[in-house]
Amino acid sequence: MSDNIYVDKDAVVEEGAVVFPNNYIGAGSVIKSGAVLRPNNIIENSVVEEGAVVTASVLESAHVGKRAQVGPFCYMRAGAKVGEGCKAGDFVEIKNASLGDGTKASHLAYVGDCDVGAGCNVGCGVIFVNYDGKQKHRSKVGDRAFIGSNSNIIAPVNIGDDAYIAAGTTITEDVPEAALVIGRSRQTVKEGKARGKFKLI
């Protein structure tokens, strides 16, 4: 370890872990053997399991499973947990939520107050809408579910195993197992109506 790595006296970095420069490992953190911390992480009171790779991300009271990939620019807030072989990619925020083994949220998603099962896909721009202005609510997603890009999951709802949520859908009710849900308006094309409506300034 080099001089530009901070490891708190109450943190544990096991033998065989690889820690690149510009990492902050705070109190209560455990970095297991075989884990790789690429540059520019802030890790507080969190566990990074064997074989996991974390890049340029913030972990606060979080848990990263074996062989998971986190980052770059992922924010795992208190209670965030990603399972074995997961991917939580760039600009994904996870709060008080879990991703089951093998689930992928590759980019630009908010996963808050929910439990997502194993083998799921959380598409780009998906938001788990957990706050109604007064209270936080929790949702649950079964195994092998596909949540298409730019979908909104309005808590509290349950999405069954093998469900498929089409891109751009807003979910407000429970989704049965293996159901296909499309909740967006149908595209309307009015030919020629846009002519002259746009001018670059």
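A few points on the structure.

Rules of the game
Residues numbered from 1 in each chain as written. Predicted model: local features only at pLDDT ≥ 70, side-chain atom pairs only at ≥ 80, totals over all residues. Heavy atoms only, no water. Helix = DSSP H or I, 4+ residues; strand = E, 2+ residues; numbered from the N terminus. Buried < 20%, exposed > 50% of the residue type's maximum accessible area, 1.4 Å probe, protein only. Contact = heavy atoms within 4.5 Å. Areas by Shrake-Rupley, 256 points an atom, 1.4 Å probe, with all protein chains shown as cover. Lys, Arg positive; Asp, Glu negative; His and termini not counted. Charge placed at Lys NZ, Arg CZ, Asp CG, Glu CD. Patch = residues over 30% accessible without salt bridge, like charges linked within 9 Å, V, L, I, M, F, W, Y side chains within 5 Å. Salt bridge = Lys/Arg side-chain N within 4 Å of Asp/Glu carboxyl O. Core = buried A, V, L, I, M, F, W, Y, C linked by side-chain atoms within 4.5 Å. Polar contact = N/O pair within 3.5 Å; in protein donor to acceptor, adjacent residues only side chain to side chain. Phe/Tyr/Trp six-rings, centres within 6.5 Å; stacked < 30°, edge-to-face > 60°.

### Topic: the overall build of the protein
When you go through the protein residue by residue, the secondary structure sums to zero helices and 27 strands. Among the 201 residues that make up the protein, the fraction classed as buried is 40%. A separation threshold of at least 6 residues defines the contact pool for the protein, and within that pool the share at least 24 residues apart is 9%. Put simply, the protein shows about 10800 Å² of open surface, and 51% of that area lies on carbon and sulfur atoms. Side chains of the protein carry 22 positive and 23 negative charges; the gap between the two charge centres is 12 Å.

### Some words on the environment of Val19
Of note, Val19 is situated in strand β3 (residues 18-19). Through-space distance from the C-alpha of Val19 to that of Ile159 is 38 Å; in sequence the pair is 140 residues apart.

### Focus on a nonpolar patch on the surface
Where nonpolar side chains cluster on the molecular surface, the patch consists of Phe146, Tyr164, Leu180 and Ile182 and spans about 400 Å² of accessible area. Within the secondary structure, Ile182 sits in the segment after β27 (180-181).

### Things to note about the nonpolar core
Counting 46 residues, the largest nonpolar core has Val48, Met76, Val82, Ile94 and Phe128 as the members making the most contacts within it. Listed by contribution, the elements that provide at least two residues to this core are β15 (87-95), β17 (104-112) and β18 (114-116). Dropping the residues within four chain positions of it, Ile94 is found in contact with Tyr75, Met76, Arg77, Ala80, Val82, Ala88, Leu99 and Val111.

### Observations regarding the side chain of Ser139
Among the structural elements, Ser139 can be located in strand β21 (residues 139-141). Ser139 sits in the buried class, given a relative accessible area of 3%. There is a polar contact of 3.3 Å between the side chain of Ser139 and the backbone nitrogen of Val157.

### Digging into the packing of aromatic side chains
Per the counting criterion, the structure on display carries three aromatic pairs. Where Tyr6 meets Tyr24, the ring centres are 4.8 Å apart and the plane angle is 15°; that geometry is what we call stacked. Of the two residues, Tyr6 sits in strand β1 (residues 6-7) while Tyr24 sits in strand β4 (residues 24-25), which places them 18 residues apart along the sequence. On the basis of relative accessibility, which here comes to 38%, the residue Tyr6 falls in the partly exposed class. Taking the relative accessible area as the measure of exposure, Tyr24 reaches 31% and is therefore partly exposed. Taken together, a centroid distance of 5.3 Å and an interplanar angle of 20° make the contact between Phe73 and Phe91 stacked.

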